[in-house]
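A structural walkthrough
Chain residues, written in single-letter form:
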2 protein chains.
Amino acid sequence: MRIEAVDFFYLSMPEVLDIGDGSQDALLVRVQAGPYVGWGECEASPLVSIASFVTPMSHSACKPVRDSVLGQTLDTVADIARICAVVHANSLDLLQMPHTLSGIEIALWDLLGKRFETPVYKLLGAPTAYAKQPYASQLFGDTPHETYTKARRVSADGYRAAKFGWGPYGLGSVAADAEQIAAAREGLGSDGILLVDAGTVWLDDVERALPRLAALRAADTTWLEEPFLSGALSAYAALARQSGSVKMAGGEGCHSEYMAQHMIDYAAIGYVQIDTGRIGGILPAYRVAQYAHARGVTYVNHTFTSALALSASLQPFAGLEHDVICEYPVELKPLALAMTRQRIVPDDDGMVRIPDRPGLGIDIDIDACRRYLVPCEITVRGRVIYATPELSA
Amino acid sequence: MRIEAVDFFYLSMPEVLDIGDGSQDALLVRVQAGPYVGWGECEASPLVSIASFVTPMSHSACKPVRDSVLGQTLDTVADIARICAVVHANSLDLLQMPHTLSGIEIALWDLLGKRFETPVYKLLGAPTAYAKQPYASQLFGDTPHETYTKARRVSADGYRAAKFGWGPYGLGSVAADAEQIAAAREGLGSDGILLVDAGTVWLDDVERALPRLAALRAADTTWLEEPFLSGALSAYAALARQSGSVKMAGGEGCHSEYMAQHMIDYAAIGYVQIDTGRIGGILPAYRVAQYAHARGVTYVNHTFTSALALSASLQPFAGLEHDVICEYPVELKPLALAMTRQRIVPDDDGMVRIPDRPGLGIDIDIDACRRYLVPCEITVRGRVIYATPELSA
């Protein structure tokens with residue numbers, strides 16, 4: 001088969017709020033090859049990723065992503081790695097490229113899964129997809145009491161793990177942060193898995209992070225996520241040396257396999273969190289999962305939009321039995337819920353399972369997506385190089 | 001003063017060829033604050049960087065670069081760092097951001113330099129700008145004889161240093177590569193500084209690079225540049241352990257200070273090559289120069305377009321007396337030559353000096369730029385969010 005078409009659809013809520021909620025827009029990718037269609041999703045900034053697909057060439061190592069994908073042969077999973085290698089070589093100097101490529105790569109897996117009538121994780125070589133323990137991802141409340149109430153609620157909803165992040169945490173006093181952590185633990189109950197996300201609040205300042213460790217340890221926190229920016233490897237390692245039972249978690253910003261390896265090799269993290277919509281898709285994420293596994297680091301998915309993105313994020317570590325915690329967004333905007341015909345919901349045992357269907361196992365709700373479609377047009381020298389295509393199955 | 005306008009101008013040769021020549025297009029940035037105008041340049045893929053300036057917000061950490069720059073106070077150099085920190089926080093998930101920011105940041109320095117009637121390197125704290133030894137950057141010839149002829153020519157032109165890269169190097173046999181290296185040395189003469197650029201040809205495969213070291217050592221090669229991709233830190237370090245007198249060079253792909261630090265800390269490079277048009281501008285490049293200097297690593301500029309970009313690339317290490325080698329593009333396209341009223345040419349002693357004028361010391365040739373202007377328009381939901389502005393002084 002040849003890749004005959006790659007189309008991008010920018011979807012958005014009518015109004016995008018200035019809050020840390022990544023489900024307010026989405027960039028959906030449709031790939032056609034032979035009689036098959038695959039779907040994928042790129043993380044963040046739809047217009048910029050569209051531009052990097054269609055932009056005129058700057059030079060031989062800075063070509064539009066389109067040039068390296070359209071017309072390529074796609075028959076086996078080996079073709080996916082080959083096509084991605086071509087994209088990387090031809091767009092080496094195009095910084096946005098990995099985000100654009102991610103959605104395409106995911107769609108290629110979905111398409112081949114449909115062709116071979118096989119779920120993606122099996123194409124990756126995993127005989128079984130192990131159930132994952134979802135954690136409810138929440139913002140800290142503005143007050144400890146509000147955080148306590150939120151923790152009670154997710155616990156009542158049946159979640160055995162919860163993550164609290166952003167909000168006031170890390171910005172005020174050490175004592176105020178300690179009260180927040182204690183409130184989260186109290187609300188969650190002593191058996192719950194408590195995860196804390198500092199949202200890069202301390203940039204790379206180890207001294208500001210250190211005094212927070214005692215309260216995290218006292219509350220039996222499993223991980224402290226993103227105390228620092230992704231690149232601050234030595235800051236992560238310095239904090240990890242003193243964090244005891246609280247492990248460092250990070251990696252969502254990684255847009256290459258190398259960046260994830262560096263966090264594993266040099267940042268002393270205990271959990272590596274990878275977004276398939278950023279790192280270049282499912283295969284690089286899978287390779288990071290294998291690399292982490294061999295080094296005693298636990299892999300966790302990062303995802304915050306639709307069931308399609310969630311399914312893609314679960315495939316790379318489906319076969320790792322003991323990497324059991326998974327991110328599971330619980331406060332999605334209507335767009336993210338409406339995009340797909342199926343949702344992935346925890347089973348009666350509270351665990352999340354990958355759909356046992358071909359490809360990613362998720363069908364796009366075309367009519368619903370049309371309601372959120374943002375029409376765009378890019379013109380260069382009077383010639384239209386991108387106009388939102390017709391959205392059809 | 002407040003930043004009243006930031007305008008992007010996409011310039012291009014009428015035809016862009018599929019060759020490794022980054023001077024075929026350019027993204028010029030004009031910043032206005034009070035009565036002053038500053039100019040900067042972003043490296044590579046103009047349309048994508050324009051899109052990241054104007055794109056609609058995805059969420060609170062994925063805003064268009066524009067939102068964090070327009071209206072900001074700009075009175076002192078401290079404001080530049082503050083504005084860039086805002087951009088980083090607000091556009092954390094916008095991958096293209098550092099390339100877009102680079103041109104803006106450079107323009108801010110140029111503007112403040114004009115305001116204070118001071119060259120940028122002095123604003124950075126360097127009392128003197130030391131002369132640099134330019135190397136002529138060339139592609140390998142298709143044959144050793146062609147490489148020999150090229151080396152003879154740059155030597156006759158007065159260059160005491162030359163870099164050969166890309167072309168057939170690294171793709172064929174070890175013996176063929178050895179002949180190329182020997183030809184370059186012979187053409188350059190025994191006194192010339194010989195630099196070799198492998199153009200990431202071996203990706204991260206140390207075994208393919210190792211057998212090339214003997215010929216490089218025999219020809220007294222000063223550095224081997226980019227044997228591997230920027231992220232392949234452990235491959236660099238493994239090769240460096242066996243390379244003896246031939247030092248590793250790399251870093252042009254770094255789009256953050258952290259990435260450059262990682263190459264210094266973990267890749268065992270002897271030379272770190274930074275492009276101010278990619279890393280976020282002049283200040284992060286300056287900080288990398290200081291970081292490298294403190295660790296015995298030599299800083300080198302990376303640049304391949306106009307005299308404006310060359311001046312910006314020279315400012316960060318102007319004050320480092322012993323970091324003397326500088327990249328100096330010698331095969332520029334007419335666009336890159338026409339863009340500016342001044343050129344930076346080697347003096348009678350063969351050395352390159354930063355213009356002793358305010359800011360970057362380079363005036364834009366507005367009329368010439370107009371001839372290369374690529375009109376673009378980006379429309380979202382029927383509203384024009386970018387249209388090429390009028391190009392004036």
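Scoring rules and cut-offs
Residues numbered from 1 in each chain as written. Chains lettered and ligands numbered in written order. Predicted model: local features only at pLDDT ≥ 70, side-chain atom pairs only at ≥ 80, totals over all residues. Heavy atoms only, no water. Buried < 20%, exposed > 50% of the residue type's maximum accessible area, 1.4 Å probe, protein only. Helix = DSSP H or I, 4+ residues; strand = E, 2+ residues; numbered from the N terminus. Pairing = 2+ DSSP bridges. Right-handed = clockwise from strand over helix to strand, strands pointing away. Disulfide = S-S within 2.5 Å. Contact = heavy atoms within 4.5 Å. Polar contact = N/O pair within 3.5 Å; in protein donor to acceptor, adjacent residues only side chain to side chain. Axes fitted to C-alpha atoms, helices over the stretch in contact; angles between N-to-C directions.

What about the pairing of strand β6 (residues 193-197) of chain A?
Residue and element names in this part refer to chain A. Of all the five residues making up β6, four are buried; the element is thus mostly covered by neighbouring parts of the structure. Across five bridges, the pairing between strand β5 (residues 161-165) and β6 is parallel. Looking across to β6, one finds that F164 is bridged to V196. Between the parallel elements β5 and β6, the chain passes through helix α7 (residues 174-188) in a crossover that is right-handed.

A short note on the state of the cysteines
By definition, a disulfide links the sulfur atoms of two cysteines through a covalent bond. Per the stated rule, a full pass over the model turns up zero disulfides over all chains. Cysteine C62 of chain A is unpaired, with the sulfur of C42 of chain B as its nearest cysteine sulfur at 12 Å. The closest cysteine sulfur to the non-disulfide-bonded C369 of chain B is located on C42 of chain B, 14 Å from its own sulfur.

Some thoughts on the environment of Y328 of chain A
Residue and element names in this part refer to chain A. For Y328, the position within the fold is in strand β11 (residues 325-329). For Y328, a relative accessible area of 9% puts it in the buried group. In this structure, the C-alpha to C-alpha distance between Y328 and S313, residues 15 residues apart in sequence, is 10 Å. If we skip the residues at most four places from it in the chain, Y328 touches P134, Y135, A136, S137, Y159, L310, I344, V345, P346 and V352. A distance of 2.7 Å separates a polar atom in the side chain of Y328 from the backbone oxygen of I344.

Quick look at the sheet that holds strand β12 (residues 376-380) of chain B
Spatially, the four strands line up as an open sheet ordered β13(A)-β12(A)-β12(B)-β13(B), and their pairing is antiparallel. Each having just a single partner strand, β13 (383-387) of chain A together with β13 (383-387) of chain B make up the two edges of the open sheet. Neighbour to neighbour, the strand axes of the sheet diverge by 20 degrees on average, direction disregarded. Together, β12 (376-380) and β13 of chain A together with β12 and β13 of chain B form the strand contacts of helix α1 (residues 46-54) of chain B, whose direction differs from that of β12 of chain B by roughly 40 degrees.

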